[in-house]
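# Architecture at a glance
Next come the chains, spelled out residue by residue.
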Amino acid sequence: MISTIGMSREQIEKLIESALRFKRGDDVSKPLAGKSVALVFFNPSLRTRASMQVGIYELGGNAVVLEPGGTSWTLEHREGTVMDADKTEHVAEFVRVLERYCVAIGVRTFAALKDWQEERTDPVLNAFAKYASVPIINLESAMHHPCQSLADMMTIREKLGPSRKRVVLTWAWHPKPLPMAVPNSFALAAAQMGHDLVIAHPPGYDLDEELIKTLGASVEITNDIDAAFTGADVIYAKSWGSKEFYGNTDQDIARRAQYRGKWIVDEEKMSRTNGAIFMHCLPVRRNVIVTDGVIDSSASVVIDEAENRLHVQKAILAGLLGG
Ligand code: CP
């Protein structure tokens, strides 16, 4: 499970149905009994780490959490490197040893926001996939966060039913550039589910061109945040960095300064929606991305959305490893 690319709407629906069975308590199976799953975190996490650990436990399994450079050795992923600098172990050995103990490996490896052309290829995640003979589960890479986007689709389904909705993914101002895995995966999954997708961002903050092409013709892209909110059923806020400024954080910070206070989800914008729900993957900066008034309102579903990470990931694990 590297991304949802290639998944049909029916496959996503089936996964959501499985997640809902886990959530309702209708499925209490233990397909991971006696099995261990490795969770490798190059970056911090609350939701992904806790929900994966709990989910693996609830499926009868054992989670092995590793943090390269912290609780395990520093890792090199490039091929042919003379490892005479700061990296102690190569992914080639790390993965092939780990899979002698574990039936799957989850990996979190964010973009460093230094080199867009390189990072858009997800080099670290792909190095894991190259050497692994067990399933690799993407726990958020430079380009994709499928566990999040599938939980997001489950949340929309739960809150608004199965019909097509006007789903708005809006960029929001944040003091520093962030990776674009969440918006990429959310946009992809929303399009796969047949929603009317609107992506709103300031000029220069386009998502990956190749990814946009996979969304199909029905996606609307706008630089007008006010127009985007009108009639929306779902507002999904996220900040991300400009591809133009990968490697130049200060330039991105200077460029985005003009959007502070305008590209924020507030009560006035929400009042122009079709009674939209407010979504965010979390963690979120209050009164930067979204006002207290919105995130604390009945429109906000962010805690249910975070809970659904647990149920969706159990469905993913059961689907991958339950046979
Ligand atoms: N949404 C999400 O992935 O949260 P964490 O970074 O806390 O795992």
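Rules used in this analysis
- Residues numbered from 1 in each chain as written.
- Predicted model: local features only at pLDDT ≥ 70, side-chain atom pairs only at ≥ 80, totals over all residues.
- Heavy atoms only, no water.
- Helix = DSSP H or I, 4+ residues; strand = E, 2+ residues; numbered from the N terminus.
- Buried < 20%, exposed > 50% of the residue type's maximum accessible area, 1.4 Å probe, protein only.
- Salt bridge = Lys/Arg side-chain N within 4 Å of Asp/Glu carboxyl O.
- Axes fitted to C-alpha atoms, helices over the stretch in contact; angles between N-to-C directions.
- Parallel < 35°, antiparallel > 145°, perpendicular 65-115°, else oblique.
- Left-handed = near helix turned anticlockwise from the far one by under 90°.
- Contact = heavy atoms within 4.5 Å.
- Nonpolar A, V, L, I, M, F, W, Y, C, P; charged D, E, K, R; others polar.
- Pairing = 2+ DSSP bridges.
- Expected span 1.5 Å × (residues − 1).
- Right-handed = clockwise from strand over helix to strand, strands pointing away.

## Concerning unusual backbone geometry
Of the consecutive residues Leu282 and Pro283, the connecting peptide bond is found in the cis state with omega at 5°. Looking at the element boundaries, Pro283 is found in the loop between strand E11 (277–279) and helix H12 (292–295). Phi is positive for Glu140, close to 115°, though the residue is something other than glycine. Relative to the helices and strands, Glu140 resides in the loop between strand E6 (136–138) and helix H6 (146–160). Given the relative accessible area of 9%, Glu140 is considered buried. The backbone of Leu282 sits at a positive phi, close to 65°, despite the residue not being glycine. Given a relative accessible area of 14%, Leu282 falls into the buried group.

## As for the pattern of salt bridges
The full count for this structure, using the stated rule, is 24 salt bridges. Residue Arg49 is joined to Glu67 by a salt bridge in which the shortest nitrogen-to-oxygen separation is 2.6 Å. Of the two residues, Arg49 sits in helix H2 (residues 47–58) while Glu67 sits in the loop between strand E2 (62–66) and strand E3 (75–76), which places them 18 residues apart along the sequence. Here Asp292 makes a salt bridge to Arg286, at a shortest N to O gap of 2.9 Å. For Arg286, a relative accessible area of 41% corresponds to the partly exposed category.

## Considerations on the packing of helix H3 (residues 91–98) against helix H5 (residues 123–131)
Look at H3 against H5: their axes get within 9 Å of each other, and the N-to-C directions meet at 55°. On the basis of the axis angle, H3 is oblique to H5. H5 is crossed by H3, and the crossing has right-handed handedness. Across the interface between the two elements, Val91, Ala92, Phe94, Val95 and Arg96 of H3 pack against Ala127, Phe128 and Tyr131 of H5. A breakdown of the residues in the contact of H3 with H5 according to their chemical character gives seven nonpolar, no polar and one charged.

## Examining the pairing of strand E10 (residues 234–238)
Among the five residues of E10, five are classified as buried, and the element is accordingly described as predominantly covered. Across the two faces of E10 the burial is the same, with Val234, Tyr236 and Lys238 and Ile235 and Ala237 all buried. As judged from the five bridges shared by strand E7 (residues 166–171) and E10, these two strands associate in the parallel manner. For Trp171, the partnering residue across the bridge sits in E10 and is Lys238. Sheet analysis places E10 next to E11, joined by three bridges and oriented parallel. When the bridges of E11 are listed, Val234 appears paired with Ile277.

## Side note on helix H7 (residues 181–192)
Along its 12 residues, H7 runs 16 Å from first to last C-alpha, staying within 8% of the 16 Å computed at 1.5 Å per residue. For H7, the buried fraction is high: 11 of the 12 residues fall into the buried class. Among all positions in H7, only Ala181, Val182, Pro183, Asn184, Ser185, Phe186, Ala187, Leu188, Ala189, Ala190 and Gln192 are buried.

## A short note on the pairing of E7
In terms of residue burial, E7 counts as a mostly covered element, since five of its six residues are buried. For E7 and strand E8 (residues 196–200), the ladder comprises five bridges, and the chain directions are parallel. Each bridged residue has a counterpart across the sheet, and for Val168 the counterpart in E8 is Val198. The parallel pair E7 and E8, bridged by H7, forms a crossover whose chirality is right-handed.

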